[in-house]
Amino acid sequence: MKKDIILSGVGGQGILSIATVIGEAATRSNINLKQAEVHGMSQRGGDVQSNLRLSDDDIHSDLIPYGEADMIISMEPMEALRYLPYLSKDGCIITSSKPFVNIPVYPSEESLQAEFRKLPNVQMADIEQMAKDLGAPKSANMILLGMAASKIELLSLDKLRSSLSRVFARKGEKIVEDNLKCFEAGLNLKSK
Amino acid sequence: MKRLLLGDEALALGALNAGLGGVYAYPGTPSTEITEYIQGNSLSKERGIHTAWCTNEKTAMEAALGMSYAGRRALVCMKHVGMNVAADAFVNSAITGVNGGLVVVAADDPSMHSSQNEQDSRFYGKFAMLPVMEPSSQQETYDMISEAFELSEELHLPVLFRMVTRLAHSRASVEISNPLSMKQYDAASEKGWVLLPAIARRQYNALIEKQSALQKASLETYHNRIETIEKDPRQPEIAVVASGIAYNYVLEAVAKYKGNLRILKISQYPLPEEKIKRLTKGVQRIIVAEDGQPFIEEQLCKSYKNVEGRLTGLLPRTGELTPDTVASALGIETKSYFQPSGILEARPPQLCPGCGHRDVYAALNKVMEDYPKGRIFGDIGCYTLGALPPFKALASCVDMGASIGMAKGASDAGLFPAVAVIGDSTFTHSGMTCLLDAVNAKSPITVVLSDNLTTAMTGGQDSAGTSRFEAICIALGVEPEHVKVVVPTPGNIPSITETLREEIQYKGVSVIIPRRECMQTLKRHQKQTQSQKPTDNQISSDNQTSK
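Rules behind the numbers
The residue count restarts for each chain, going from 1 along the sequence in the order it is written. The lettering of chains begins at A and the numbering of ligands begins at 1, in the order of writing. Per-residue local features are limited, in this predicted model, to residues with pLDDT of at least 70; the limit for side-chain atom pairs, both in listing and counting, is 80 or more; totals at the level of whole chains, interfaces and linings are taken over all residues. By convention in this description, side-chain values take in all heavy atoms of the structure and omit both hydrogens and water. The helix count covers DSSP runs of H or I at least four residues long, the strand count covers runs of E at least two residues long, and both are numbered beginning at the N terminus. Three labels apply to residues, based on accessible area from a 1.4 Å probe with only protein chains included: buried if under 20% of the type maximum, exposed if over 50%, partly exposed otherwise in between. We get accessible surface area from the Shrake-Rupley algorithm with a probe of 1.4 Å; when it comes to residues, only the shown protein chains can shield them. We treat Lys and Arg as the positive residues and Asp and Glu as the negative residues; His and chain ends play no part in the count. Where a charge lies is defined by one atom per residue type: Lys uses NZ, Arg uses CZ, Asp uses CG and Glu uses CD. By this definition, two strands are paired if DSSP reports at least two bridges between them. The contact definition used throughout considers only heavy atoms, calling two residues in contact when any of these lie within 4.5 Å. Note on definitions: salt bridges are taken to be side-chain nitrogens of Lys or Arg within 4 Å of carboxyl oxygens of Asp or Glu. The classification used treats Ala, Val, Leu, Ile, Met, Phe, Trp, Tyr, Cys and Pro as nonpolar, Asp, Glu, Lys and Arg as charged, and all other residues, Gly among them, as polar. Put simply, buried Ala, Val, Leu, Ile, Met, Phe, Trp, Tyr and Cys residues joined by side-chain atoms within 4.5 Å make one nonpolar core. In this entry, domain limits derive from an automatic or database-based domain assignment. As a rule, the C-alpha atoms of each element are fitted with a line to give its axis, helices using only the stretch in contact, and angles between N-to-C directions run from 0 to 180 degrees.

Moving on, we get to the overall build of chain B. A tally of regular secondary structure across chain B gives 20 helices and 18 strands. Across its three principal axes, chain B shows a C-alpha extent of roughly 80 × 65 × 55 Å. The proportion of buried residues among the 547 residues of chain B is 59%. Carbon and sulfur atoms make up 53% of the accessible area of chain B, which totals about 21,800 Å². In chain B, 55 positive and 59 negative side-chain charges are present, and the distance between their average locations comes to 3 Å.

So, in structure tokens, the structure goes:
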């Protein structure tokens, strides 16, 4: 089995932390992984993406071919749409609904929603508001991971939880708790 | 033991475990993480390995050559354009040869994700007549870097090690070996290191004689190998030369391919001639897939017909390869089920909120309103983003240090005012010599040395001249009263504007130094004072587990 995931967002939103947790879980589950990420100039508030490939078989290319991504996980709605040519026929989009507007021209809310209505499998949530309500405003990205968790299939929920704890351990117990809380909230959102 | 590592980190750990004595580097995407990883590793501290950043790639290359002379294994790391800066030392190191193993890493950036060109460093290797290695995966990177040191010591030559962005910045699990002890040989004593013409001629002949040994090494290495894929015996076989990570894209396509392929994987140069003969025997088509410029393709075109690749349009002439372009070259359609959205807007990178460069450009633009014929010459760093809206302030950005040199040249031609904007780290990298030229010519130029106390663009590495810029400028001959420090904040824009106006009127070289810490490093420093900072990547990295 393989899972090809595109993570997207705006530089500084924390997509690489999602990749780090998945990477930790994959390594500890003996699942092969390749994860290409963006460093350098575009990290300064520009569009960023990471190609994350999981498989129980060999992975050759670090990049996902067109039409093969099982999932687009995005911290920002317009950035989710940037990678549509990579999405597979049955692929899903899991995205924050809240635009991050740091450019002079940004599509209207209406046109954005119209684009998402054209797509078959979209799951959206105002993760920033949810994280604030949970008292963990900096952990919104883990809500997204929670929403995606059961679709990753190759990695068990428990392995994702324990990997999340390991990844954030050095930042202290409170941060681990915040992130776990957000992860669970995302997971519950999914099952509704 | 397995670890999840970036290509850059696999290289770093491979070099450390090969008994490295020192790494010498100037930061540059996508090479920066190599040196950072070595700096953060506990083995570096235990063994006293040299890890401090260098002023530029040339000083790095020369110091590494000195370490090699003295008998230790040395690593030099840079981005591809750094090779242009290091080229004098690099090319001549092929003539002197080495003592302790010397490996030069050039991280190329096809598609220019974070660069101003996509030059291919393999040409430098061929030009200097040195072996070049080009791994295809993170594991191969780890394995080949120690082989590179061994080959360097065996041939007494530096080895060029080529990385590309997609390998440098991609993670995979890597099997790690135990660290070897640090290598220490006797210092060199041969005359060959003194490149007087008579000695240099002898050394050059020796280098040419060594070429057969390079050829032999390329022929014998497991990393250059022929693999055959037969799916339909009725169909003809196609030959594919796939170098570096292009090999992965070919394998990715093979799953969907219905014909027969004879693949030559290339990860070491010079090209293994015998293997190419074997590969091409009896085939109608030879496809070359290589990330970067058509380096292999140009060489094969001389001896073989029916070579196809970037030069023939089978693959795009520019930009990095992708699994899709390579699949398409093999006649396989990859398909998109969803078209790109029509409502997308570009989201270019921008200066951080609160960044001091913003205030510098706000003041400069205000002053330049009065001088429609004036120009601001830019340089390499975060502040290059001042070329984009809302500032649109820059007339040029070419190479490290060029702002001052170009302002001087433009001023020589009568352009006024000629203003240069250069960052602190770029100034010490390559701007100081340009400033000396301008001082000697009494050029009426205004240099804005925007000092954020760090090498910001690449993530906040130490900057070579921090706290000494006024002294450096005065020592180079700028009049002390025309070296002025300002603090770039929104509130200070009127006074900075005033200072700029005054100095533009001065008929000589002035240097204005807006100084305020980078917002990124400021945030990091604030966090560090709040909590303890882990210092050892063996323990703290988010991404490592052992099993």
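It is worth spelling out the sheet that holds strand 10 (residues 260–266) of chain B at this point. For sheets, the rule is that strands pair by backbone hydrogen bonds, running either parallel or antiparallel. Residues and elements named next belong to chain B. With mixed pairing, five strands are arranged side by side in an open sheet as 8-10-9-12-13. Of all strands in the sheet, those bounded by a partner on one side alone are strand 8 (225–229) and strand 13 (307–308). Across five bridges, strand 8 lies against strand 10 in antiparallel orientation. Along strand 10, the bridge assignment pairs Glu227 with Ile263.

As a further point, take the interface of chain A and chain B. Where the parts come together, the accessible area they lose is often given as the size of the interface. Each partner contributes residues to the interface: chain A has 56 residues there, and chain B has 52 residues. Taken together, the connections running from chain A to chain B amount to five salt bridges. With a shortest N-O distance of 2.6 Å, B:Arg347 and A:Glu79 are connected by a salt bridge. For the side of chain A that touches chain B, the secondary-structure elements that each account for two or more residues are helix 1 (15–28), strand 2 (32–36), strand 3 (47–55), helix 2 (77–81), strand 5 (87–96), helix 3 (109–117) and helix 6 (157–168) of chain A. The leading source of residues in the side of chain A that touches chain B is helix 1 of chain A, at five residues. Residues belonging to the side of chain A that touches chain B are distributed by class as follows: 23 nonpolar, 17 polar and 16 charged. Bridge analysis of strand 2 of chain A against strand 7 (residues 170–175) of chain B gives three bridges, and the strand direction is antiparallel. Counted as the bridge partner of A:Gln35 is B:Arg171 from strand 7 of chain B.

All names here are of chain B. By size, the foremost hydrophobic cluster in this structure holds 112 residues, and its most contacted members are Leu75, Phe161 and Ile263. Counting contributing residues per domain, this core is built from domain 1 (2–220) and domain 2 (225–329), each supplying no fewer than three. What Phe161 contacts, discounting residues up to four positions off in sequence, is Leu11, Val103, Val104, Val105, Ala106, Met133, Pro135, Thr141, Met144, Ile145 and Ala148. One finds Ala420, Leu435, Val478 and Cys518 within the second-largest nonpolar core, a separate group that totals 53 residues.

Moving on to the sheet that holds strand 5 of chain A. Reading across the sheet, the eight strands line up as 6(A)-5(A)-4(A)-1(A)-3(A)-2(A)-7(B)-1(B) and stay open at both edges, with mixed pairing between neighbours. Each end of this open sheet is capped by a strand with a single partner; those strands are strand 6 (122–125) of chain A together with strand 1 (2–6) of chain B. Averaged over all adjacent pairs, the angle separating strand axes in this sheet is 20°, with direction ignored. In this fold helix 1 of chain A packs onto strand 1 (2–10), strand 2, strand 3 and strand 4 (69–74) of chain A together with strand 1 of chain B, with an angle of close to 10° to the strand it touches most, strand 3 of chain A.

None of the figures reported here should be taken as evidence of function without further support.
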